[in-house]
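These are the residues of each chain, in order.
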Amino acid sequence: MKFLKKTHWTSEIRPELDGKEVVVAGWVWEVRDIGKIKFVVLRDREGLVQITFKRGEVPESLLNLVKTLRKEDVIAVRGVVRASKIARAGVEIIPVEVQVLNRVKQLPLDIWGEVESELGTRLRYRAADLKRPENIAIFKISSTVTKVIRDTFYDYNFVEVFTPKIIATCTEGGAELFAVQYFERTAYLAQSPQLYKEQLTASLERVFEIGPAFRAERHNTTYHLNEFVSVDAEAAFMDYNDIMSILEDIIVRVYETTSRLTELLNVLKISITVPRRPFKRITYDEAIDLLRKNNIDVRQGEDIPQTGLEVLSEEIGEPFFIVDWPTDIRPFYTMPKEEDPSRSESFDLIIDGIEIASGSTRIHVREKLEEEMRRRGLNPENFKFHLEVFDWGMPPHAGFGLGLYRLLMVLLKRRNIREVVLYPRDRFRLEP
Ligand code: AMO
């Protein structure tokens, strides 16, 4: 079938187009039949538009066709735009030709907002669930956010890179790796581009990557997934303060841009407050003290539990950094502080009680790096392809990794990270 080519998005059908012929294409959102006059509301990615079928004004064959339409049938409509005070958005289309491009069978869940489905059901039937206006809003914002992040990196002269996701050794720690059969040997899915991005500072100086990371963690929480999108940055001749400032700029620009997407935010029933720079920076030790004052006892040298982050966020109110973490609970590549090696040049960015990003100044001297590996029970021999690079002119460098889905989750005030992921991969979910 030769199908009509869409000339306009529904959002472009405005009263100013009165009298003009257009082709819109999309899905039947609603059919209203009040005898002599029938309305079809057509949905596309950008919104809804009303098609008005009035006896005498459109051919009888079209009126008969409307009777066969069901919600979510795929149609293309050629018609004339008419400004109208009573129609939705002040405009309607008077059809001349309607093509039914596909007939729907049965949708597995409600997408029209009449019946709420629970998240498990929605994820099971995700492709249908994604037609809901809330989801279209989420994933359009997600795309914009990714673009803002990219643009900001370009403004700071970073180069976008792609590093291998099938790798031979661990980067963050051994236990959380997915093994894959790689011909006659065992390989692993990358937990992070950490080692590659560091190596690239010796050539490209400032690099960033937006790509998947895989973690075989058995967590089953509202903010962990086994596959997530990691926004990674690494820059030569920078330290953790420099890179924190870039991260801060990224966050503010993301919030600023999103706060202007009012129509999409209205669909999600949220508004966005843009955080002020600079973000507060508290040390790990200060965080522990603050928690003790709030009757949460975190033992020195231990990670801060989720409840602790929540309490700190409530106290501070805005996005903030926890800096200078104990060296022992950070990865081997983290630079210890010169004046107190038990603490490190490291940070986590916390927003609304969730760790959104973490980063540090890195060790750039081979012998020191090997020593830190050994201290953590890692065998430098397993990292020989990485360590040798440090003999070839490794600059001082710093970087961070930011969880894109975590950022979207807090930005869009969703309670579960899965809401902002098209097809989440978690402990029990591998399909669809
Ligand atoms: P880290 O392991 O802290 O650091 O990860 C960086 C950020 O990635 C996000 N994240 C996750 N998101 C969803 N599900 C998960 N299971 C998950 N795990 C992590 C978080 C976290 O802050 N190489 C270092 C970064 C660096 O120093 O450059 C790293 O991977 O938002």
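Residues numbered from 1 in each chain as written. Predicted model: local features only at pLDDT ≥ 70, side-chain atom pairs only at ≥ 80, totals over all residues. Heavy atoms only, no water.

### Focus on the overall build of the protein chain
Here is the rule we go by: Going along the chain from the N terminus, every DSSP run of H or I of four or more residues is numbered as a helix, and every run of E of two or more is numbered as a strand. Using a 1.4 Å probe on the protein chains alone, a residue whose accessible area is under 20% of its type maximum counts as buried, one over 50% counts as exposed, and one in between counts as partly exposed. Note on definitions: a residue-residue contact is assigned when non-hydrogen atoms from the two residues lie within 4.5 Å. Reported accessibility uses the Shrake-Rupley method at a 1.4 Å probe radius. Residues are deemed covered only where the shown protein chains occlude them. Asp and Glu count as negative and Lys and Arg as positive, but His and the ends of the chain are not part of the count. To locate a charge, take atom NZ for lysine, CZ for arginine, CG for aspartate or CD for glutamate.
Within the protein chain, the regular secondary structure consists of 12 helices and 16 strands. By its C-alpha atoms, the protein chain is 85 × 55 × 40 Å across when sized along the principal axes. In the protein chain, which comprises 432 residues, the share counted as buried stands at 51%. Intrachain contacts of the protein chain at a sequence separation of at least 6 include 66% that bridge at least 24 residues. Counting only carbon and sulfur atoms, one obtains 51% of the accessible surface of the protein chain, whose full area is about 21300 Å². Side-chain charges of the protein chain comprise 63 positive and 68 negative groups, with the mean position of each set lying 9 Å from the other.

### Structural notes on the pattern of salt bridges
Counted only if it meets this: Throughout this description, the term salt bridge denotes a Lys or Arg side-chain nitrogen within 4 Å of a carboxyl oxygen of Asp or Glu.
Counted according to the given criterion, the structure contains 47 salt bridges. Salt-bridge contacts for Arg429 lead to Asp426; the nearest nitrogen and oxygen are separated by 2.6 Å. On the accessibility criterion, Arg429 (22% relative accessible area) is partly exposed. Asp426 sits in the buried class, given a relative accessible area of 9%. Salt bridges here are not isolated pairs; linked through shared partners, they connect Arg122, Arg126, Asp129, Arg132, Glu134 and Glu419.

### Here's the deal with the packing of aromatic side chains
Cut-off, in case you're wondering: In summary, the pairing rule links any two rings of Phe, Tyr or Trp, Trp by its six-membered ring, whose centres are within 6.5 Å, and it sorts them by plane angle into stacked for under 30 degrees, edge-to-face for over 60 and tilted for everything else. Note on geometry: a ring has a charge over it if NZ (lysine) or CZ (arginine) is within 6 Å of the ring centre and within 35 degrees of the ring normal.
Across all of its chains, the model carries 11 aromatic pairs by this definition. Ring geometry for Tyr284 against Trp325: centres 5.4 Å apart, planes inclined by 45 degrees, an arrangement best described as tilted. Taken as a pair, Tyr284 in helix 8 (residues 284-293) and Trp325 in the loop between strand 13 (320-323) and strand 14 (346-351) lie far apart in primary sequence, 41 residues in all. Each member of the pair, Tyr284 together with Trp325, is buried. Feature note: the residues Phe153, Tyr154, Phe158, Phe208 and Phe400 constitute an aromatic cluster, connected by ring pairs. Directly above the aromatic system of Phe3 lies the positively charged group of Lys5, at a separation of 5.1 Å from the ring centroid. The side chain of Lys71 reaches across the aromatic face of Trp112, ending 4.6 Å from its centre.

### Observations regarding a nonpolar patch on the surface
Threshold: Each patch is built from residues that are more than 30% exposed by relative accessible area and take part in no salt bridge. Like charges join if they lie within 9 Å; nonpolar side chains (Val, Leu, Ile, Met, Phe, Trp, Tyr) join within 5 Å.
There is a patch of nonpolar side chains on the surface, built from Met1, Phe3 and Leu101 and spanning about 330 Å² of accessible area. Locating Leu101 in the fold gives a position in strand 5 (residues 91-102).

### A short note on the site of the ligand
Our working definition: A molecule or strand has a residue near it when one of that residue's heavy atoms lies within 4 Å. Polar contacts, as counted here, are pairs of nitrogen or oxygen atoms within 3.5 Å of one another; within protein the pair requires one atom able to donate a hydrogen and one able to accept it, and residues that are adjacent in sequence qualify only if both atoms are side-chain atoms.
By nearness alone, 22 residues border the ligand, and Gln194, Lys197, Glu355, Ile356 and Arg362 come closest of all. Arg215 has a polar side-chain atom sitting 2.8 Å from an oxygen atom of the ligand. The backbone of Leu225 places a nitrogen or oxygen atom 2.9 Å from a nitrogen atom of the ligand. Notes on the ligand: free accessible area 630 Å², of which the protein chains cover 91%.

### Considering the domain arrangement of the protein chain
Note the threshold: Boundaries between domains were set according to an automatic or database domain assignment. Buried area: the accessible area, evaluated with a 1.4 Å probe, that two parts lose upon being put together, summed over both parts. Residue classes follow a fixed rule: Ala, Val, Leu, Ile, Met, Phe, Trp, Tyr, Cys and Pro count as nonpolar, while Asp, Glu, Lys and Arg count as charged, and any other residue, Gly among them, counts as polar.
Examined at the domain level, the protein chain breaks down into domain 1 (10-102) and domain 2 (129-420). Between the C-alpha centres of domain 1 and domain 2 there is a distance of 48 Å. Every contact between the two is made by 6 residues of domain 1 and, on the other side, 4 residues of domain 2. Summed over both sides, the interface of domain 1 with domain 2 buries roughly 420 Å², with 51% coming from carbon and sulfur. Area buried by domain 1 at its contact with domain 2 is led by Trp29, Arg43 and Arg45, which between them contribute 66% of it. Linking domain 1 to domain 2 there are 2 salt bridges. We note a salt bridge from Lys140 to Glu46, for which the minimum N-O separation is 3.1 Å. In terms of residue class, the side of domain 1 that touches domain 2 is built from 2 nonpolar, no polar and 4 charged.

### Re the packing of helix 4 (residues 133-155) against helix 6 (residues 240-259)
Heads up, the condition is: Axes here refer to lines fitted to C-alpha atoms; in helices the fit is confined to the stretch in contact. Angles between the N-to-C directions go from 0 to 180 degrees. For classification purposes, angles smaller than 35 degrees are called roughly parallel, those larger than 145 roughly antiparallel, those between 65 and 115 roughly perpendicular, and all remaining angles oblique. For a crossing to be left-handed, the near helix must be turned anticlockwise from the far one by less than a right angle; the clockwise case is right-handed.
Following both chains from N to C, one finds helix 4 and helix 6 inclined at 140 degrees, their axes separated by 9 Å at the closest point. Classified by the angle their axes make, helix 4 and helix 6 are oblique. For the pair helix 4 and helix 6, the crossing hand works out as right-handed. Residue-level contacts link Ile141, Thr144, Val145, Val148, Ile149, Thr152, Phe153 and Asp155 of helix 4 to Asp249, Ile250, Arg253, Val254, Thr257 and Thr258 of helix 6. Here the contact of helix 4 with helix 6 is composed, by residue class, of 7 nonpolar, 4 polar and 3 charged.

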